[in-house]
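Secondary and tertiary structure notes
Residue strings, one per chain:
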Amino acid sequence: MAIAQQQHGDLHVLASGFKNSQGHAIARLYLPGSELTKKGQQEVSATIHEGRSSFLFPALPAGEYAVVVFHDANDNGTVDHHFYGLPSEALGFSNGFRVSLTSGMPNFEKLRFSHGSSVQTLQINVE
C-alpha cells in the first residue's frame, strides 16, 4: 500500500509600511477555525529595516492559511490597544484585507489564502 506524501513549500512574507525600526515585526500564521485575537499556530519575529521586514515559514504543508503581521514597537509580544479597544500598533493582513468601516473586523475567512507545495511569497502592507 502506498502512502501519500504530503506536499510542503516555504512561505515567505514580505511586509512593508513600518513607520520606524523600533522593536520588532511579528508575523503570525493561522489555520482554519483559528481566532485571530489569539497567538497563531506559528509565529516569527524579525527586525525592521527601512520600513520593511521579511519572514519565513519553512516547509508548510499545502493548505489554507491566514497571516497577521504587526509592529511590536515595545517588544512585549502582543498587539497593544488604545483604551477604547482599537490597536495602537500597526497591523497588516493576508489576502489584501484592510480594516475599514465597510470591511468589518478581520477573521480567518477574510484573510484566507491557499498555499501549495512550491515556494510562495505574500506581500503585506502594515498600517
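Cut-offs applied
Residues numbered from 1 in each chain as written. Predicted model: local features only at pLDDT ≥ 70, side-chain atom pairs only at ≥ 80, totals over all residues. Heavy atoms only, no water. Buried < 20%, exposed > 50% of the residue type's maximum accessible area, 1.4 Å probe, protein only. Helix = DSSP H or I, 4+ residues; strand = E, 2+ residues; numbered from the N terminus. Pairing = 2+ DSSP bridges. Phe/Tyr/Trp six-rings, centres within 6.5 Å; stacked < 30°, edge-to-face > 60°. Axes fitted to C-alpha atoms, helices over the stretch in contact; angles between N-to-C directions. Core = buried A, V, L, I, M, F, W, Y, C linked by side-chain atoms within 4.5 Å. Contact = heavy atoms within 4.5 Å.

**Here we look at the pairing of strand S5 (residues 63-72)**
Summarising burial for S5: eight of the ten residues are buried, a large majority. Note: strand S2 (residues 24-30) against S5, seven bridges, orientation antiparallel. Paired with His24 across the bridge in S5 is Asp72. Bridge count between S5 and strand S7 (residues 113-115): three bridges; the pairing is antiparallel. Among the inter-strand pairings, Gly63 is bridged to a residue of S7, identified as His115. When S5 meets strand S6 (residues 91-93), the two strands line up antiparallel, connected through three bridges. Note on S6: the bridge partner recorded for Phe70 is Leu91.

**Quick word on the packing of aromatic side chains**
If you walk through the whole model with that rule in mind, you get two aromatic pairs. With a centroid separation of 6.4 Å and 35 degrees between ring planes, the pair formed by Tyr65 and Phe113 is classed as tilted. Here Phe113 lies in strand S7 and Tyr65 lies in strand S5, a separation of 48 residues in the sequence. Comparing Tyr65 with Phe113 shows no difference in burial state: the two are buried. Ring centres 5.5 Å apart and planes at 85 degrees place the aromatic pair Phe93 and Phe97 in the edge-to-face group.

**Examining the sheet that holds strand S4 (residues 52-61)**
In space, the three strands of this open sheet follow the order S4-S1-S8, with mixed pairing throughout. Pairing within the sheet leaves two strands with one partner each, and these edge strands are S4 and strand S8 (120-125). Going from strand to strand, the sheet's axes swing by 20 degrees on average, the running direction of each strand aside. Summarising the sheet, strand S1 (residues 8-16) and S4 pair through eight bridges and their orientation is antiparallel. Across the sheet, residue Gly9 finds its bridge partner in S4, namely Leu60.

**Some thoughts on the nonpolar core**
Leu11, Val13, Phe55, Val67 and Val69 are the most contacted members of the largest nonpolar core, which totals 19 residues. Among the elements of the structure, S1, S2, S4, S5 and S8 are those that each provide at least two residues to this core. Once residues within four sequence positions are removed from consideration, Val13 is found in contact with Ser53, Ser54, Phe55, Phe57, Val67, Val69, Leu122 and Ile124. Counting residues in hydrophobic clusters, the runner-up holds twelve residues, among them Val68, Phe70, Phe97 and Leu111.

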